[in-house]
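# Observations on the model geometry
Spelled out from the first residue to the last, the chains are:
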Amino acid sequence: DLTARMTGQPHFDFDASQARAMGTAAADHGTAVAGLVAATADNNRGVAGVAPAASLASMIIFASNGAGGDSIVADDALADVFRYQPDKVFVQNHSWGIGSIRQASRDALSDAAIEEAVTVGRKGLGTVIVRAAGNGRADFLKIGRAHV
């Protein structure tokens, strides 16, 4: 039921600097997150997204690092993510982490782009930017128990 939410939307690959339809090697995670956001109500799957009528666009921010892994795109391309199509992309969910309990740090270009997005995006109301805490909750709980 997510395909209809993604059809005709402003997908972009910031590594290749080109518009590109959805789908990457990390698509499983993106699909799960998209379902939390926009799964159709009464879809016979027992789930409805928090915004079941929302449209979805994928924004690819990972680049091959040449060693069989992925790395986040260069700082200037990452800054472009935050200001991407502010007249169409009203909410951005950044569900990407660095595999630890710490947030990935931001650079000065990204900070300026975030400031621009939350100031002028969404037709002057500001783009809503949500950033996941990361996928290291289990590691955090282990560390937390050690300090209790």
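Per chain, residue numbering runs from 1 following the sequence as it is written. For this predicted model, a pLDDT threshold of at least 70 governs which residues receive local features, and a threshold of 80 or more governs which side-chain atom pairs are given and counted, while totals over whole chains, interfaces and linings are taken from all residues. By convention in this description, side-chain values take in all heavy atoms of the structure and omit both hydrogens and water.

## So, the overall build of the chain
When helices and strands are counted, the chain shows five helices and six strands. Secondary structure elements of the chain occur, N-terminal to C-terminal, as α-β-α-β-β-β-α-β-α-β-α. Buried means the residue's accessible area, taken with a 1.4 Å probe over protein chains only, is under 20% of the maximum for its type, while exposed means over 50%, and partly exposed covers the values in between. Buried positions account for 28% of the 148 residues belonging to the chain. Within the chain, contacts between residues at least 6 apart in sequence are counted, and of these 63% link residues at least 24 apart. Working definition: helices are DSSP H or I runs of at least four residues, strands are E runs of at least two. Numbering for both runs from the N terminus. It only takes one pair of heavy atoms within 4.5 Å for two residues to be counted as in contact.

## Looking at the side chain of His 11
By the element assignment, His 11 lies in the loop between helix H1 (3-6) and strand E1 (12-13). Polar contacts, as used here, are pairs of N or O atoms within 3.5 Å; protein pairs need one atom able to donate a hydrogen and one able to accept it. Residues neighboring in sequence count only if both atoms are side-chain atoms. For His 11, the side chain forms a polar contact with the main-chain oxygen of Met 6, separated by 2.8 Å.

## Brief notes about the environment of Ser 17
Position of Ser 17 among the secondary structure elements: in the loop between E1 and helix H2 (27-38). For the pair Ser 17 and Ala 77, spaced 60 residues apart in sequence, the C-alpha separation works out to 8.2 Å.

## Examining the packing of helix H3 (residues 75-82) against helix H4 (residues 108-120)
Two elements in contact, H3 and H4, have axes whose closest approach is 8 Å; the angle formed by their N-to-C orientations is 10 degrees. If you check the angle between H3 and H4, you find them roughly parallel. The two elements H3 and H4 meet at a crossing, and its hand is right-handed. For the pair H3 and H4, contact is made by Asp 75, Asp 76, Leu 78, Ala 79 and Phe 82 and by Leu 109, Ser 110, Ala 113, Ile 114 and Ala 117, respectively. Orientation is described by lines fitted to C-alpha atoms, with helices fitted over the stretch in contact, and by angles between N-to-C directions that extend from 0 to 180 degrees. Note that the term roughly parallel is reserved for angles under 35 degrees, roughly antiparallel for angles over 145, roughly perpendicular for angles of 65 to 115, and oblique for everything else. Each crossing gets its hand from how the near helix is turned against the far one by less than a right angle, where anticlockwise is left-handed and clockwise is right-handed.

## Focus on a nonpolar patch on the surface
A surface patch of nonpolar side chains, amounting to about 300 Å² of accessible area, comprises Phe 90, Val 91, Val 128 and Val 130. Note that Val 130 resides in strand E6 (residues 128-131). Here a patch means residues that are over 30% exposed by relative accessible area and free of salt bridges, tied together within 9 Å if like-charged and within 5 Å if nonpolar (Val, Leu, Ile, Met, Phe, Trp, Tyr). Here, Shrake-Rupley sampling with a 1.4 Å probe gives the accessible areas, and only protein chains in the shown set may cover a residue. Only one rule defines a salt bridge in this text: a Lys or Arg side-chain nitrogen within 4 Å of an Asp or Glu carboxyl oxygen.

## Quick word on H4
For a helix, the expected span equals 1.5 Å multiplied by the number of residues minus one. Taking 1.5 Å of rise per residue, 13 residues should cover 18 Å, and H4 covers 18 Å from first to last C-alpha, within 8% of that figure. For H4, the complete set of buried residues consists of Ser 110, Ala 113, Ile 114 and Ala 117. All buried residues of H4 project into a common sector of 105 degrees when viewed along the axis, lining one side. Residues of H4 that are exposed and point more than 90 degrees away from the buried face comprise Ala 108 and Glu 115. The N-terminus of H4 is capped by Asp 107, whose side-chain oxygen sits 2.9 Å from the backbone nitrogen of Leu 109. After H4 finishes, the residue Arg 122 shows a positive phi value of roughly 50 degrees. Of all possible arcs, the one meant is that of the directions from the helix axis to the C-beta atoms.

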